[in-house]
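Read off the chains here:
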Amino acid sequence: MLMRRNNDMSLRRWSYEPLPSLLGGLRMLDDVNRLFEAFDHGFGLSSFAPATAPRVQLADTGSELRLYAELPGFGENDIELTVQRNRVTLRGRRQSSVPEGFTARRRERGDVEIMQSYTLPSRIHADRVEASLQNGVLLVTMPKAAEEQPRQIQVKTA
Amino acid sequence: MSEQISITRTQNGQGAIAADVATTEPLFAPNVDIFESEREYLLEVDFPGVTQDALSVRLDGSQLTIDGRRPGIDGFFGASRLSRSFRVPDTIDPDRIEAELAHGILRVRLAKREDAMPRRITVRALD
């Protein structure tokens, strides 16, 4: 996996853009029934709309931020991750082709191209970011910068 | 990273997992590609985050159901389920279904019955 570190100081945005946590993928049982029909009629196309963006979620554990991205079929060389002080950019590409000797009857997965950039709610320690890919899930662990770490404040009575 | 998955055969809906009624975990319908060759059908399903021990592939009559559960990570990313059902053509051989899971993709191969395969007829020249 390619990891690029960038200490660009000019980028200082403190706004928090909520992640599209349930982008695509969320579907109800109705669609299952619809696919049934499609199968009945010789694998014809139905109105089923495939998800175009991977599901990405962000969590704050207190001392670090974690990014979770569903990237099935991606190899580590298909993913490029760039981190800055409070920004993470995910680029990736998966191509899916019709296997040799087969004819496509239904295609929902298709080629996937991601280029998403997120402003994080706090600055991170770019040198200590770690990323792993397992079972088609990318997990990025981003320790917060020292000054962003939660601090216990002693309350004194006057 | 590729593992063989056993296929469960049931009848009249028996064995449908109890989680169908019990769980409140979010349910997702994964994207699927369906391919056909002379000899088999191939399903490729996006199944990110599912491990083999949390996966079931079940054939009940002509209904094929794939189910997977994702346990969530570290308590920060919640558990969820992936499920989809298909009506398979009667040309497939129920005893020759294979499934494997690798890199978050589930591949199910359904072989066609011998009598459903195209047969090549030799043309003899009579002159």
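The rules behind these values
Residues numbered from 1 in each chain as written. Chains lettered and ligands numbered in written order. Predicted model: local features only at pLDDT ≥ 70, side-chain atom pairs only at ≥ 80, totals over all residues. Heavy atoms only, no water. Core = buried A, V, L, I, M, F, W, Y, C linked by side-chain atoms within 4.5 Å. Buried < 20%, exposed > 50% of the residue type's maximum accessible area, 1.4 Å probe, protein only. Helix = DSSP H or I, 4+ residues; strand = E, 2+ residues; numbered from the N terminus. Contact = heavy atoms within 4.5 Å. Pairing = 2+ DSSP bridges. Axes fitted to C-alpha atoms, helices over the stretch in contact; angles between N-to-C directions. Buried area = accessible area lost by both parts, 1.4 Å probe. Salt bridge = Lys/Arg side-chain N within 4 Å of Asp/Glu carboxyl O. Polar contact = N/O pair within 3.5 Å; in protein donor to acceptor, adjacent residues only side chain to side chain.

Trainee: Explanation requested: the nonpolar core in the structure shown.
Mentor: Within soluble globular proteins, side chains that are nonpolar generally end up buried alongside one another. Residue and element names in this part refer to chain B. Membership of the largest hydrophobic core comes to 24 residues, with the highest contact counts inside it found for Leu 43, Phe 47, Leu 64, Leu 106, Val 108 and Leu 110. Mapped onto this core, the elements with two or more residues apiece are β4 (32-36), β5 (40-46), β6 (55-60), β7 (63-70), β8 (80-87), β9 (92-102) and β10 (105-112). With 4 residues, β9 is the single largest residue contributor to this core. Look past the residues within four positions of Leu 43 in its chain and what remains in contact with it is Val 32, Asp 33, Ile 34, Leu 64, Phe 86, Leu 106, Arg 107, Val 108 and Leu 110.

Trainee: What exactly am I supposed to notice about the sheet that holds strand β3 (residues 64-70) of chain A here?
Mentor: Paired through backbone hydrogen bonds, the strands of a sheet run either parallel or antiparallel to each other. Residue and element names in this part refer to chain A. As summarised here, the arrangement of the 4 strands in space is β2-β3-β9-β8, forming an open sheet in which the pairing is antiparallel. The sheet is open, and its two edges are formed by β2 (56-60) and β8 (130-134), each paired on a single side. Looking at each pair of strands side by side, their axes are set apart by 15 degrees on average, direction ignored.

Trainee: What is the right way to read the interface of chain A and chain B from this model?
Mentor: The interface is formed by 45 residues belonging to chain A together with 41 residues belonging to chain B. For the pair chain A and chain B, the summed buried surface comes to about 3700 Å²; carbon and sulfur atoms form 62% of the total. The interface formed by chain A and chain B contains 8 salt bridges. Here chain A is connected to chain B by 14 residue pairs in polar contact (both at pLDDT 80 or more). Listed by contribution, the elements that provide at least two residues to the side of chain A that touches chain B are α1 (29-40), β2, β3, β6 (103-107) and β9 (137-143) of chain A. By residue number, the principal contributor to the side of chain A that touches chain B is α1(A), which donates 6 residues.

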